[in-house]
Amino acid sequence: MQFRLKIFLAAIFFSVALFSFVIYDSIAGNLSNVPSEAVKGKIVFQKKACIECHTIFGNGGYYGGDLTKVYEKFGSDGLREYLTNPPLLSGAKKKQHIYVNHEEAEEMIDYFRFLQSIPNMGWPPRPVFDKKKDSE
Ligand code: HEC
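Residues numbered from 1 in each chain as written. Predicted model: local features only at pLDDT ≥ 70, side-chain atom pairs only at ≥ 80, totals over all residues.

Near the ligand, the surroundings consist of 21 residues, among which Lys-48, Cys-50, Cys-53, Gly-64 and Ser-90 are the closest. With five residues, helix α3 (residues 70–84) is the largest single contributor of residues to the shell around the ligand. Its residues assigned to classes, the shell around the ligand comprises 13 nonpolar, five polar and three charged. (Near = placed C-beta within 6 Å. Helix = DSSP H or I, 4+ residues; strand = E, 2+ residues; numbered from the N terminus. Nonpolar A, V, L, I, M, F, W, Y, C, P; charged D, E, K, R; others polar.)

Structure follows, in structure tokens:
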């Protein structure tokens, strides 16, 4: 085998090995950083299909707004109250927001607290409504 070909194959082998290690390292690290309570809350989020109406990091339905940083807005007590004693939805006067029991609410709060700790640099941007335009 030519010397150049050997160098070329060695370089490819080295690159693939390095790439695999970097990918493995980033995934393994991230998974072990997620607290188990937050994982339970995520499962409730999936079971109850909150994603039908809400987005997390901009993924999901647009009816109910983004919940990535909702912990900042309500805190634990506010979220507990909202989820276990849900209000009527604005714009749909007879429809009440989905209810979750106390145990599920605690797990959801842990999930939202975990999401709060992820730096998302303001993504997704909050919708901006141009009041002047609306009133025209
Ligand atoms: C049928 C659609 C729908 C589903 C399903 C739904 N939501 Fe909502 N949610 C809404 C709407 C609409 C609002 C806004 C309420 C309003 O403005 O009256 C809202 C508001 C909220 C708020 C307050 C957000 C804020 O910024 O004021 C939280 C927290 C919330 N939902 C959590 C959840 C969770 C957790 C689930 C799943 C267990 C869920 N929602 C499932 C429609 C939904």
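We are not done yet, so read on.
Another point: the packing of helix α2 (residues 36–47) against helix α4 (residues 102–116). Viewed as axis vectors pointing N to C, α2 and α4 meet at an angle of 110 degrees, and their least axial separation amounts to 7 Å. Judged by the angle between their axes, α2 and α4 are roughly perpendicular. Relative to α4, α2 is oriented so that their crossing is left-handed. Contact residues: α2 offers Glu-37, Ala-38, Lys-40, Gly-41, Lys-42, Val-44 and Phe-45, while α4 offers Glu-104, Glu-107, Met-108, Asp-110, Tyr-111 and Phe-114. (Axes fitted to C-alpha atoms, helices over the stretch in contact; angles between N-to-C directions. Parallel < 35°, antiparallel > 145°, perpendicular 65-115°, else oblique. Left-handed = near helix turned anticlockwise from the far one by under 90°. Contact = placed C-beta atoms within 7 Å.)

This next bit is on the sheet that holds strand β3 (residues 65–66). Across the sheet, which stays open at both edges, the three strands sit in the order β2-β1-β3 with mixed pairing between neighbours. Strands with a single pairing partner mark the edges of an open sheet, and in this sheet they are β2 (59–60) and β3. As judged from the two bridges shared by strand β1 (residues 54–56) and β3, these two strands associate in the parallel manner. Residue pairing in the sheet places His-54 in a bridge with Gly-65 of β3. (Pairing = 2+ DSSP bridges.)

Turning to the UniProt feature "transmembrane region" (unreviewed entry) in the chain, a few remarks are in order. With numbering matched to this structure, UniProt assigns "transmembrane region" (unreviewed entry) to residues 7–24. Secondary structure over residues 7–24 splits into 100% helix and 0% strand, and the C-alpha atoms at its two ends are 26 Å apart. (UniProt positions renumbered as here; feature names shortened; annotations may be inferred.)

Little of strand β5 (residues 92–96) sits inside the fold, with zero of its five residues counted as buried. In terms of strand pairing, strand β4 (residues 88–89) meets β5 through two bridges, oriented antiparallel. Across the sheet, residue Leu-88 finds its bridge partner in β5, namely Gln-96. In this structure, the hairpin formed by β4 and β5 is closed by a connection of two residues, where Gly-91 is found at a positive phi of approximately 90 degrees. (Buried ≥ 20, exposed ≤ 12 C-beta atoms within 10 Å, placed from the backbone.)

To continue, consider α2. When the terminal C-alpha atoms of α2 are compared, their 17 Å separation across twelve residues agrees well with the 16 Å that a helix rising 1.5 Å per residue should span. Buried within α2 are the following residues: Ala-38, Gly-41, Val-44 and Phe-45. End-on, the buried residues of α2 take up no more than an arc of 110 degrees, which puts them together on one face. Away from the buried face of α2 by more than 90 degrees, exposed residues Ser-36, Gln-46 and Lys-47 are located. Its buried side turned inward, α2 meets α4. Residue Ala-49 follows α2 closely and has a positive phi angle near 55 degrees. (Expected span 1.5 Å × (residues − 1). Arc of directions from axis to C-beta.)

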